[in-house]
Amino acid sequence: MRIANNSGRLALVDGDHILDVESTSGGAFSADPMAVFGRWTELGDWATTVDVAGHPDATALSDAILDAPSPRPRQVFGIGLNYADHAAESGLPLPEKPVVFTKFSSSVAGPDVEVRLPGETVDWEAELVVVIATGGRRIPVAEARSHIAGYTVGQDLSERTVQWQDQPPQFSVGKSFENFAPIGPCIVTLDELTHADALGISATIVAVDGTESVMQEGNTDQLVFSVDELIARLSEIVELLPGDLIFTGTPPGVGAGRDPKRFLVEGETLVTEIEGIGRITQRFVAGAPS
Ligand code: ZN
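Residues numbered from 1 in each chain as written. Predicted model: local features only at pLDDT ≥ 70, side-chain atom pairs only at ≥ 80, totals over all residues. Heavy atoms only, no water.

J.: Please explain the overall build of the protein as it appears in this structure.
T.: In terms of regular secondary structure, the protein is built from six helices and 19 strands. Scaling as 2.2 N^0.38, a compact globule of 290 residues should have a C-alpha radius of gyration of about 19 Å, and the protein matches this with 18 Å. Counting only C-alpha atoms, the protein reaches 55 × 45 × 35 Å along its principal axes. The 290 residues of the protein split such that 53% are buried. By sequence separation, contacts in the protein at least 24 residues apart represent 74% of the contacts at least 6 residues apart. Here the protein has roughly 12,600 Å² of accessible surface; of this, 49% comes from carbon and sulfur atoms. (Helix = DSSP H or I, 4+ residues; strand = E, 2+ residues; numbered from the N terminus. Rg over C-alpha atoms; globule rule 2.2 N^0.38 Å. Buried < 20%, exposed > 50% of the residue type's maximum accessible area, 1.4 Å probe, protein only. Contact = heavy atoms within 4.5 Å. Areas by Shrake-Rupley, 256 points an atom, 1.4 Å probe, with all protein chains shown as cover.)

Below you can see the structure in the form of structure tokens.
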């Protein structure tokens, strides 16, 4: 099942087609994308009975205006240094436990947005994002999968100067500017993915002159702490809630890890893609006047 948020309404996606859930289900499911996470299994069962592409009310996915598939999560977790190679490029040792920070939820945005640059050191971090369906506390590793709604593509955009300016550093502020947590295009359930634990992930910058440069190219099989381990660890501390997001960390190739360092500038476009899930795109524009 592929679930999207079409202009604020829950929708099923199949290939190039998209179908409204509330109207197709005769009101059995709410149009509110946040309302469905508590009924995820029920939604999945119903979705198997629907032929999206063949439905007379289906419309072209290309005509849809997609917003974040979990637009108002109550919690957004970020995991630092969760790819061994990225830890190395950051000059930091591999953590013994997951390094956790937050992206404040008002930074969540849809898959195709403009981002105002609040500074000159805005960096990219392509990430697999886990969306939580059923929440809970103290979820064992062996049961973690049953709490996952699905995966989506995310960018953990980070203003590096702000991220590191305080002593001790407060990652959350530099990672929570407007539209700094774009996700989408869909939530893809794990049964849709042939190798859910080994997905190619990349970030490409399209420069002002149209030149494309692949900046990150990795695979989620390199995660230091698996998705299941992250769910178990986080839920030892906090209660996971339906619709919560976990940004699972980024592979090597971020701008701050390059020599010379390389950051996003006005007019550039960032394309982030994960195998089997899709791609998201941000266009960077000048920051708000101060
Ligand atoms: Zn990150």
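J.: Can you walk me through the coordination of the zinc ion in this structure?
T.: Metal coordination angles in their ideal form are 109.5 degrees for the four-donor tetrahedron and 90 or 180 degrees for the six-donor octahedron. Here the zinc ion is held by Glu125 (OE), Glu127 (OE) and Asp156 (OD), and the distances to it run 1.9 to 2.1 Å. Along the chain, the residues donating to the zinc ion fall in the pattern E-x1-E-x28-D. Residue Glu127 is located in strand β11 (residues 126-132), and its partner Asp156 is located in the loop between β12 (148-155) and β13 (158-159); the two are separated by 29 residues in the primary sequence. (Donors = N, O, S within 2.8 Å, 3.2 Å for Na, K, Ca; no water.)

J.: When you look at the domain arrangement of the protein in this model, what are you seeing that I'm missing?
T.: Size of an interface, as often reported, equals the accessible area lost when the parts are brought together. If you check the domain split of the protein, you get domain 1 (2-67) and domain 2 (76-286). Relative placement of domain 1 and domain 2: their C-alpha centres are 25 Å apart. With 10 residues of domain 1 at the interface, the matching set in domain 2 holds 18 residues. When domain 1 packs against domain 2, the two sides together hide about 1,100 Å² of surface, and 61% of this comes from carbon and sulfur. Three residues, Arg2, Phe37 and Trp40, lead the burial of domain 1 against domain 2; their summed loss comes to 60% of the area buried on that side. For the pair domain 1 and domain 2, the interface holds one salt bridge. Of the charged contacts, one joins Arg2 and Glu192 as a salt bridge, the two residues approaching to 3.3 Å between their closest N and O atoms. Connecting domain 1 to domain 2 are five residue pairs in polar contact (both at pLDDT 80 or more). Residue assignment for the side of domain 1 that touches domain 2 shows that the elements contributing at least two residues are β1 (2-6) and β5 (66-67). (Domains from an automatic or database assignment. Buried area = accessible area lost by both parts, 1.4 Å probe. Salt bridge = Lys/Arg side-chain N within 4 Å of Asp/Glu carboxyl O. Polar contact = N/O pair within 3.5 Å; in protein donor to acceptor, adjacent residues only side chain to side chain.)

J.: Explanation requested: the side chain of Glu159 in the structure shown.
T.: Along the polypeptide, Glu159 turns up in strand β13. There is no salt bridge for the buried Glu159, and the closest opposite charge comes from Arg160, which lies 8.3 Å off by N-O distance. Looking at Glu159, its side chain comes within polar contact range of the side chain of Thr121, at 2.6 Å. Glu159 has contacts with Pro118, Gly119, Glu120, Thr121, Val122, Gly174, Phe177 and Phe180, leaving out every residue within four places of it along the chain. (Lys, Arg positive; Asp, Glu negative; His and termini not counted.)

J.: I keep staring at the pattern of salt bridges and nothing clicks. Help me out?
T.: Any two side chains of opposite charge can pair, given that their charged atoms come close. Tallied over the entire structure, the rule returns 16 salt bridges. The shortest N-O distance in the salt bridge between Lys175 and Asp156 comes to 2.8 Å. With Lys175 in the loop between α5 (171-174) and β14 (181-188) and Asp156 in the loop between β12 and β13, this residue pair connects regions lying 19 residues apart in the sequence. Pair check on accessibility: Lys175 and Asp156 agree, each one buried. Each of the salt bridges in this network shares a partner with another, and the network as a whole consists of Lys103, Asp123, Glu125, Asp156, Arg160 and Lys175.

J.: Looking at this structure, how should I read the nonpolar core?
T.: Soluble globular proteins tend to pack their nonpolar side chains together in the buried interior. If you look at the biggest cluster of nonpolar residues, it comprises 49 residues, and the most contacted ones within it are Tyr151, Ile231, Ile246, Leu264 and Ile277. Each of two domains, domain 1 (2-67) and domain 2 (76-286), supplies a minimum of three residues to this core. Leaving out residues up to four positions away in the same chain, Ile231 has contacts with Val130, Ile132, Ile139, Ala144, Ile148, Leu240 and Ile246. Formed by 29 residues, the second largest nonpolar core is a distinct cluster that contains Phe37, Val108, Val129 and Phe247. (Core = buried A, V, L, I, M, F, W, Y, C linked by side-chain atoms within 4.5 Å.)

J.: Help me out: how do you make sense of the environment of Ala64 in this one?
T.: Structurally, the position occupied by Ala64 is in the loop between β4 (59-60) and β5. As a C-alpha pair, Ala64 and Ser7 span 57 residues in sequence and 7.5 Å in three-dimensional space. Sequence-distant contacts of Ala64, defined by excluding residues within four places in its chain, comprise Asn6 and Ile18.

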